[in-house]
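Listed below, chain by chain, are the residues.
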Amino acid sequence: NAGVTQTPKFQVLKTGQSMTLQCAQDMNHNSMYWYRQDPGMGLRLIYYSASEGTTDKGEVPNGYNVSRLNKREFSLRLESAAPSQTSVYFCASTAERVSSYNEQFFGPGTRLTVL
Amino acid sequence: RKEVEQDPGPFNVPEGATVAFNCTYSNSASQSFFWYRQDCRKEPKLLMSVYSSGNEDGRFTAQLNRASQYISLLIRDSKLSDSATYLCVVLPYSGAGSYQLTFGKGTKLSVIP
């Protein structure tokens, strides 16, 4: 099993450009998540999808949109990138809601720079 | 008050040493607690969940003190391979809100030969 995969690994955008970050998991998990990680900050939740067909805002959703394409795939879109969105983006998944018995698995991350 | 607070370190310890990290959380109703490990430029990985009675996994021991709202991680006989950033993670809500983990900023550990 590949676990959680993300594409691309690296990306450089100019201010105002758009892009979609792709995430897929092969563990048959119901719940998927998008986080961003900035220096000096903990991981912050952008959006999550509790199950196929549902999405909800996390702590920092502004400037982002998501699509839960099917059970495997959860994409994150930046419609008009801004320098403040320079960050490392992690996708994650859990079998069900988070608990002591449901580990959250992370993808390898996408390093995004917005100039 | 920040929701999850950790000493950022760095903690520089010699091989074989014992090192302890503490973490405090602000929401007294928090449900679940975890320690994650993150290597440089890599994704976080679950190290261990933290149970009310305390739990041990080899050289690693986690404790939870609900009254004082803090979590600890003890690493005995440190190895070079333990060098990483350790993230304290709390699940503050139950029920419909139990998808939103709160991450501390992490404590960096360097184990020196």
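Conventions we followed
- Residues numbered from 1 in each chain as written.
- Chains lettered and ligands numbered in written order.
- Predicted model: local features only at pLDDT ≥ 70, side-chain atom pairs only at ≥ 80, totals over all residues.
- Heavy atoms only, no water.
- 1 Å grid on protein atoms, 1.4 Å probe; cavity = no way out; pocket = protein on both sides within 12 Å on 5 of 7 lines; lining within 4 Å.
- Points joined across faces, edges and corners; volume = space filled by probe spheres on them.
- Helix = DSSP H or I, 4+ residues; strand = E, 2+ residues; numbered from the N terminus.
- Nonpolar A, V, L, I, M, F, W, Y, C, P; charged D, E, K, R; others polar.
- Core = buried A, V, L, I, M, F, W, Y, C linked by side-chain atoms within 4.5 Å.
- Buried < 20%, exposed > 50% of the residue type's maximum accessible area, 1.4 Å probe, protein only.
- Contact = heavy atoms within 4.5 Å.
- Buried area = accessible area lost by both parts, 1.4 Å probe.
- Salt bridge = Lys/Arg side-chain N within 4 Å of Asp/Glu carboxyl O.
- Polar contact = N/O pair within 3.5 Å; in protein donor to acceptor, adjacent residues only side chain to side chain.

**Student:** A description of the layout of surface pockets should follow, citing residues and the corresponding values.
**Tutor:** If a probe as big as a water molecule is rolled over the atoms, it shows which places are left empty. In this model, the largest pocket occupies a volume close to 590 Å³. Every residue lining the largest pocket is counted, 26 residues in all, and those nearest its centre are Gln37(A), Gln38(B), Cys40(B), Arg41(B) and Thr85(B). Where the lining of the largest pocket is concerned, the elements lending two or more residues are β9 (87–94) of chain A together with β9 (84–91) and β11 (107–112) of chain B. It is β11(B) that provides the largest number of residues to the lining of the largest pocket, a total of 4 residues. When the residues that make up the lining of the largest pocket are grouped by side-chain class, the tally is 10 nonpolar, 9 polar and 7 charged.

**Student:** Tell me about the nonpolar core, and please be specific about residues and values.
**Tutor:** Core analysis: the biggest nonpolar cluster contains 23 residues, and Phe21(B), Trp35(B), Ile71(B), Leu73(B), Ile75(B), Tyr86(B) and Leu109(B) have the highest contact counts within it. For this core, the elements supplying multiple residues, two or more each, are β3 (19–25), β4 (32–38), β5 (44–50), β7 (60–65), β8 (70–75), β9 and β11 of chain B. The contact partners of Leu73(B), leaving out residues within four places of it in the chain, are Val19(B), Ala20(B), Phe21(B), Trp35(B), Leu47(B), Met48(B), Phe60(B), Thr61(B) and Tyr86(B). Counting residues in each nonpolar core, the second largest holds 20 residues, with Met19(A), Leu21(A), Tyr89(A) and Val114(A) among its members.

**Student:** Describe the interface of chain A and chain B, with residues and values.
**Tutor:** Of the residues lining the interface, 28 residues belong to chain A; the matching set on chain B comes to 22 residues. At the boundary of chain A with chain B, total buried surface from both sides reaches about 2000 Å², with 54% on carbon and sulfur atoms. Summed over the shared surface of chain A and chain B, the number is 0 salt bridges. Inspection of the chain A/chain B interface yields 3 residue pairs in polar contact (both at pLDDT 80 or more). Of all elements in the fold, only β4 (31–37) and β5 (44–49) of chain A reach the threshold of two or more residues within the side of chain A that touches chain B. Top contributing element to the side of chain A that touches chain B by residue count: β4(A), with 4 residues.

**Student:** Outline unusual backbone geometry, supporting the account with residue identities and numerical values.
**Tutor:** In the segment running from Thr7(A) into Pro8(A), the intervening peptide bond is cis, with an omega of -5°. Here Pro8(A) shows up in the loop between β1 (4–7) and β2 (10–13). The omega torsion across Gly9(B) and Pro10(B) is 5°, close enough to zero to call that bond cis. Considering the arrangement of structural elements, one finds Pro10(B) in the loop between β1 (4–6) and β2 (11–14). At Asn28(A), a position not held by glycine, the phi torsion is positive, near 60°. For Asn28(A), the location among the structural elements is in the loop between β3 (19–25) and β4. One non-glycine residue with positive phi stands out, namely Arg41(B), at about 65°.

**Student:** Mind laying out the pattern of salt bridges, listing which residues take part and the relevant values?
**Tutor:** Applying the stated criterion to the full structure yields 7 salt bridges over all chains. Between Arg36(A) and Asp38(A) there is a salt bridge whose closest N-O contact spans 2.9 Å. Comparing Arg36(A) with Asp38(A), the two get one shared label, buried. A salt bridge links Arg76(B) to Glu56(B), with the shortest nitrogen-to-oxygen separation between them at 3.6 Å. Linking Arg76(B) in the loop between β8 and β9 with Glu56(B) in strand β6 (residues 55–57), this pair joins segments that are 20 residues apart in sequence. Residue classification places Arg76(B) among the partly exposed residues on the basis of a relative accessible area of 28%. We classify Glu56(B) as exposed; its relative accessible area is 58%. Linked through salt bridges whose partners overlap, the residues forming this network are Arg36(A), Asp38(A) and Arg44(A).

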